[in-house]
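Listed below, chain by chain, are the residues.
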Amino acid sequence: MANPNAEQNGLLDQDGSLEDKGRSKGRVVCWVLILLVAMAAIVLMVLFIPGRKGSIVPLPRLDPCTFNNGGCQHNCSSVNDTNVECSCFEGYSLANDDKSCDDIDECSTEANDCGQICMNQEPFFNCSCYEGYLLNDDGKTCDDIDECTTETNNCEQICNNQEPFFNCSCIEGYLLNDDGKTCDDIDECSTDANDCEQICHNQQPYFNCSCDEGYLLNDDAKTCDDIDECMTDDGGCEQICKNTEASFNCLCETGFALNADGKTCTVKIFYSDSLSGIYSIVAGGDPQMLSQSDGAYGIDYDCTSGYLFWSSVEQNAIFRGKLEDGKITEEETIVETGVEIPTDVAVDWVNGNVYWADNEHELIASASLDGSSVTLDLLGDTERRDPLAVAVNPDAGFMYWGYEHRVDLATTEYGIERATLDGANSTILVDGLDALSGLKYDQYTDQLCWCDGVSTIECLDLATSEREVVTSEGRRPFDIAFTEDSIYWISTELNDIMELPRDDTSGQGQRFNIDAGNPRGITAGWRCDVDATQVAL
């Protein structure tokens, strides 16, 4: 009868029978027993293998590291076949549990040989370098990177390598910009960095100095000295060069006027007008009054002192005046006593005397240039003839005078006499003249020239005694004067000054058109260093 609880206990098979399931369970148990017996037999066979007679060889023990590596994380070593000892790979250290391993931080110890930066990594470490350095092949030490040898620097001019980086600088004369790389030229001329005394010129990269016109840069290339232009060809001046700071001026000797070109000089002509005074004029210019001297008559110029000397037939005196800046200064009367109707004067520029013809007293007189010494009668016992004009040649030691001599009421003789400067050894050089007014020594040609008061100007060569007519169209020439280039005379017909160039053989003088009242005497400025006979008439 079926177990009423069998179904409940799950022992019934599919058709409700328990028999088959019991048999199956029995078979399983049987096989397990057979397996255990077999294993036991195998163990006995292993343990009791016949080897030697009467001995038994035991089986080896199992290695404790075999199972689960002995519990070690890295390396397991058996100790006495029963215990284990754990160790770690290189770069690790054994943890406190003696089994697990921790990475060693070589960077926190002296185990690393890094020259600069140590970076820990499992299981070891590596080295690196600071910015600006390069790791060497040994993987440890570092060398500075010379950025100046590579394109990593952006220096415009100069690269200065430094550890660990570099810096830029500029060549002298430039300033480093705020970007630390580019350079701008320093304008030394706008700062105190330049030592230029006068003019600074900024240039890249420096500057240079120059000087104002009229100055010369010194060897120090900074300071300036005035150029003495007068040391080179007299500054191009015809007569006098006067150096000034930064420039120079051309001047003319007394008796000359500076031309518009500022360098050349034109001789001044001086003349007397008995109605108004003393004047100066240059060709093409206007007359300039120098002195209001009544009755001015004879006139002459002293090249050594720069004085004009003149006589006055109204004041019966001899005057002089210093020529300065185109004017007469220090005008003074040098001789007054014993003078009456002085018709002409002549200056001895060598010995420093002035001579005059006294028509009233029929004598030739002289005085020192300042009038301190006077000789009223140089002719002494010489036969008296009325002197009209006087001239001197101090280089030769002679004086000359033109005379008129009334033979009778119907006859008047005119001629020229000569004597030494002291009035001795007088002799007649020229006689038989129809008339005579002015008389002058031409220092340029060593000739003695005179006017006849009618139309003719004539000259005597003192070396050959030959006579030559300069012009026969003088239009009542009254007095004459000479320059290096021309002959001048007073025309009383025209009340004007006439000029005839020396190389003009026509005899046709050119007018100055001065519109004078009553011109009488004439002279010209000249230089004492002029060689006689240097100009051919």
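One can find the structure itself at the top, above this paragraph.
The present account deals with the structure reproduced in this document. Treat the numbers as computed from the prediction; the structure is a model and nothing was measured.

As a further point, take the side chain of Asp 479. By the secondary structure assignment, Asp 479 is in strand 40 (residues 477-482). A distance of 3.1 Å separates a polar atom in the side chain of Asp 479 from the backbone nitrogen of Ile 522. Filtering out sequence-adjacent residues up to four positions away, Asp 479 remains in contact with Gly 438, Leu 439, Lys 440, Cys 451, Tyr 488, Trp 489, Ile 490, Arg 520, Gly 521 and Ile 522.

Summed over the entire model, instances satisfying the criterion amount to nine salt bridges. Arg 527 is paired through a salt bridge with Glu 253; the nearest N and O atoms lie 3.1 Å apart. Note that Arg 527 is positioned in the segment after strand 44 (519-524) and Glu 253 in the loop between strand 18 (247-251) and strand 19 (256-258), a separation of 274 residues in sequence. The salt bridge partner of Glu 493 is Arg 475, with a shortest N-O separation of 3.1 Å. With Glu 493 in the loop between strand 41 (486-491) and strand 42 (496-501) and Arg 475 in the loop between strand 39 (467-471) and strand 40, this residue pair connects regions lying 18 residues apart in the sequence. Note on Glu 493: relative accessible area 43%, which makes it partly exposed. In this structure Arg 475 comes out as partly exposed when scored by relative accessible area, which is 38%.

A few words on the sheet that holds strand 24 (residues 296-302). If you trace the four strands from one edge of the open sheet to the other, you get 24-25-26-27, paired in antiparallel fashion. Each edge of the open sheet is held by one strand with a lone partner, namely strand 24 and strand 27 (327-335). Within this sheet the neighbouring strands show an average axis-to-axis angle of 25°, counted without direction. Here strand 25 (residues 307-312) pairs with strand 26 (residues 317-324) via six bridges, running antiparallel.

This brings us to the pairing of strand 25. Within strand 25, six of the six residues are buried, which leaves it mostly tucked inside the rest of the structure. Of the two faces of strand 25, the one carrying Tyr 307, Phe 309 and Ser 311 and the one carrying Leu 308, Trp 310 and Ser 312 are both buried. Note: strand 24 against strand 25, five bridges, orientation antiparallel. In the sheet register, Tyr 301 faces strand 25, and the bridge partner there is Leu 308. Where strand 25 folds back onto strand 26 in an antiparallel hairpin, the turn is made up of four residues, including Asn 316, whose phi is positive at roughly 50°.

Okay, a nonpolar patch on the surface next. A cluster of nonpolar side chains, contributed by Leu 33, Leu 35, Leu 36 and Met 39, occupies part of the molecular surface with about 410 Å² of accessible area. Turning to its location among the elements, Leu 35 is positioned in helix 2 (residues 19-47).

Counted under the stated rule, the structure contains one cavity of 30 Å³ or more. Empty space within the largest cavity amounts to approximately 220 Å³. Contributing to the lining of the largest cavity are 19 residues, with Asp 300, Lys 440, Tyr 441, Gln 443 and Thr 523 lying nearest its centre. Elements that contribute at least two residues to the lining of the largest cavity include exactly strand 24, strand 28 (342-348), strand 32 (386-393), strand 36 (439-442), strand 40 and strand 44.

Tracing the chain through its elements places Ser 368 in strand 30 (residues 363-368). Measuring from C-alpha to C-alpha, the distance between Ser 368 and Ile 334 comes to 8.8 Å, with 34 residues separating the pair along the chain. In this view, Ser 368 contacts Ile 334, Gly 352, Asn 353, Val 354 and Ser 373; residues no more than four positions away in its chain are not counted. One polar contact links the side chain of Ser 368 to the main-chain amide nitrogen of Ser 372, over a distance of 3.0 Å.

Before going further, it helps to spend a moment on the state of the cysteines. A complete count under the given rule lists 17 disulfides for this structure. Cys 449 provides the cysteine sulfur closest to Cys 451, a residue in no disulfide bond, and the two sulfurs are 8.8 Å apart.

Read from one edge of the open sheet, four strands run 28-29-30-31, paired in antiparallel fashion. The open sheet has two free edges, formed respectively by strand 28 and strand 31 (374-375), since each of these has just one partner strand. Pairing of strand 30 with strand 31 involves two bridges; the strand directions are antiparallel. Directly across from Ser 366, in strand 31, lies its bridge partner Thr 375.

Procedures and definitions
Each residue is numbered by its place in its chain's sequence as written, counting from 1. Where local features are concerned, this predicted model is filtered to residues with pLDDT of at least 70; where side-chain atom pairs are given and counted, the filter is 80 or more; whole-chain, interface and lining totals use all residues. Processing note: side-chain calculations cover all non-hydrogen atoms of the structure and skip hydrogens and water entirely. By the criteria applied, helices consist of DSSP H or I runs no shorter than four residues and strands consist of E runs no shorter than two, each listed in order from the N terminus. Between N or O atoms, a polar contact is any pair within 3.5 Å; within protein, one atom must be a potential hydrogen donor and the other a potential acceptor, and residues adjacent in sequence are included only when both atoms are from side chains. Any two residues having at least one pair of non-hydrogen atoms within 4.5 Å are treated as being in contact. Here a salt bridge means any side-chain nitrogen of Lys or Arg lying within 4 Å of a carboxyl oxygen belonging to Asp or Glu. Only protein chains enter the accessibility calculation, which uses a 1.4 Å probe. A residue is then buried if its area is under 20% of the maximum for its type, exposed if over 50%, and partly exposed in between. Whether two strands pair comes down to DSSP finding at least two bridges between them. Fitted lines through C-alpha atoms serve as axes, helices being fitted only where they are in contact, and the angles separating the N-to-C directions of these axes extend from 0 to 180 degrees. Patches here: salt-bridge-free residues with over 30% relative accessible area, like charges joined within 9 Å, nonpolar side chains (Val, Leu, Ile, Met, Phe, Trp, Tyr) joined within 5 Å. For accessible areas, the Shrake-Rupley method is used with a probe of radius 1.4 Å. Any residue's cover is judged against the shown protein chains and nothing else. Computed over the protein atoms alone on a 1 Å grid, cavities are sets of points where a 1.4 Å probe fits but cannot get out and pockets are open sets with protein on both sides within 12 Å along at least five of seven lines; a residue lines them when it has an atom within 4 Å of a point. Grid points are joined across faces, edges and corners, and a volume is the space filled by probe spheres set on the points. Sulfur atoms of two cysteines make up a disulfide when they are within 2.5 Å.

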